[in-house]
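Chain and residue survey
The primary structure of each chain is shown beneath.
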Amino acid sequence: METKIVKVKTEDAAVLSAAGAVIAGGGLVAFPTETVYGLGGDALNRESSEKIYAAKGRPSDNPLIVHISKTESAEKIAVDIPEEFYLLAETFWPGPLTMILKKNETVPRETTGGLDTVAIRMPDHPVALAFIEAAGGYVAAPSANVSGRPSPTLARHVIEDMNGRIDMILDGGDVGIGVESTIVDLTGEVPTILRPGYVTEEMLKRVLGKVDTDRAIMSPDSGQAPKAPGMKYRHYAPKGSLFLVEGSPEEVCGLMKQNLAEVKKTKAGCKTGVMASDELLALLGELPDADVKKSLGSQNDSGEIARRLYRVLREFDEEEVEVIYGESYSGDGFGQAVMNRLMKAAGYCIINKTKK
Ligand code: AMP
Ligand code: MG
């Protein structure tokens, strides 16, 4: 299939209506949002959703998020909508928050991975909103990467993964946030975060009072399956092996150097890398055993780390780095979302003073 790649600004009405027509005709279009690039199809057309799973190689029990451009649109696809939905929509939409509601029969089960709930979000990106509008108002869209690879934060990443697999790619430049939306489930007793993101538990609590977080999302050995089906898959991962190194800056430096030296000694010709903050890289100094060193920005700027993370993971792939040591970050606030993605990218492989 030939994929049309088009640069787009909000005012490009002709491009947006052409993209909308592709969706209405059952095709797929990748588009920019403020979090990562999405791979869109008509959320109300079961065949479109099947095509999305096929293009990504995504397991079909992993539901898609339905993107809308007006809060009221939720009423056409969901039932028993609680007050919390409207409170959160007013505060955070358009924005990086996905809400789970009970679905009605308008939404095919192919879109929701067989569940009777539906995930809904209104993205904060002018191109995304205009595109959703042009497409008829309901665009199912997971991240526009091949399943298991880091999510795309540049149009170039989407082209790498999706060229030849979908009808059109809307190139809207770099994304602003860089990690996927926060997901909050509003179908239970207490609103529960199923995936951390830019909107933190604190921010949700300020609006709702009580909010829980699904504990399964930060640790693989909590004994529970995560409630967002997608969170159980290895995800966001580079092709090389990534290990996260924990401890004080001095300990992390020591452990990284020791592990790098060992890899160089035991695996001849193995290409090694380090992914760390500016501060840690300065402390690490020369580092002769690391072939590639990449910075995620300042330790104190989780926004910058989030924006760079997936891009840097893809760069390690491009440079065919086989073993990567990454600095681990504090798990507070938005840092928790970054750490969650890092842990998944590393397949929960941690190195610290006690686990070498
Ligand atoms: P992605 O679009 O690639 O960011 O993935 C969407 C995420 O939303 C996956 O982790 C899904 O498991 C999750 N999700 C979508 N719909 C639901 C739902 N109805 N209930 C729980 N999680 C959902
Ligand atoms: Mg994804």
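See above for the structure.
Quick summary incoming for the structure in this document. All residue numbers refer to positions counted from 1 along the written sequence of the respective chain. To label them, take the chains in the order written and letter them from A, then take the ligands in the order written and number them from 1. Predicted model: local features are reported for residues with pLDDT of at least 70 only, side-chain atom pairs are reported and counted for 80 or more only, and whole-chain, interface and lining totals are derived from all residues. Hydrogens and waters are ignored; side-chain quantities use all the structure's heavy atoms.

This part takes up the pairing of strand β15 (residues 292–295). Bridge analysis of strand β14 (residues 272–276) against β15 gives four bridges, and the strand direction is parallel. Residue pairing in the sheet places V274 in a bridge with K293 of β15. Note that the unit made of β14, helix α9 (residues 278–284) and β15 has a crossover that is right-handed. By this definition, two strands are paired if DSSP reports at least two bridges between them. The way it works is that DSSP assigns letters per residue, a run of H or I at least four long becomes a helix, a run of E at least two long becomes a strand, and they are numbered from the N terminus. Handedness of a crossover is defined as follows: orient the strands so they point away from the viewer, and if the path from the first strand over the helix to the second runs clockwise, the crossover is right-handed.

By nonpolar core is meant a set of buried Ala, Val, Leu, Ile, Met, Phe, Trp, Tyr and Cys residues that side-chain atoms within 4.5 Å join together. A 1.4 Å probe rolled over the protein chains alone gives each residue an accessible area, and that area as a share of the maximum for its type sets the label: buried under 20%, exposed over 50%, partly exposed in between. The biggest cluster of nonpolar side chains holds 42 residues, and the ones touching the most others in it are L88, W93, L97, M99, I120 and L204. For this core, the elements supplying multiple residues, two or more each, are α2 (46–56), α3 (74–77), α4 (83–92), β6 (97–103), β7 (117–121), α6 (155–162) and α7 (201–208). Top element by residues in this core is α4. It accounts for four residues. Ignoring sequence-local partners within four residues, the contact set of L88 consists of W93, L97, M99, V184, L186, L204, V207 and L208. Counting residues in each nonpolar core, the second largest holds 36 residues, with L296, I305, M343 and I350 among its members. Contact between two residues is taken to exist if any of their heavy atoms lie within 4.5 Å; hydrogens are not considered.

Before going further, it helps to spend a moment on the site of ligand 1. We call a residue near a molecule or strand when any one of its heavy atoms sits within 4 Å of it. Surrounding ligand 1, one finds 22 residues, the nearest of these being N62, T117, P142, R195 and G230. Measuring from an oxygen atom of ligand 1, one finds a side-chain N or O atom of R58 at 3.1 Å. One of the side-chain N or O atoms of N62 is found 3.0 Å from an oxygen atom in ligand 1. In isolation ligand 1 offers 500 Å² of accessible surface; the protein chains occlude 96% of this area. Using a 1 Å grid laid over the protein atoms alone, points where a 1.4 Å probe fits but cannot get out form a cavity; open sets with protein on both sides within 12 Å along at least 5 of 7 lines form a pocket; any residue with an atom within 4 Å of a point counts as lining. The way we define it, a molecule is inside a pocket or cavity when more than half of its atoms are within 2 Å of that pocket's grid points. Among the cavities detected, the one that contains ligand 1 is the largest pocket. Elements supplying a minimum of two residues to the shell around ligand 1: β7 and β11 (192–195). Here a polar contact means two N or O atoms within 3.5 Å. Within protein one must be a hydrogen donor candidate and the other an acceptor candidate, and residues neighboring in sequence count only if both atoms are side-chain atoms. To be clear on the numbers: accessible area is Shrake-Rupley with a 1.4 Å probe, and residue cover counts the displayed protein chains and nothing else.

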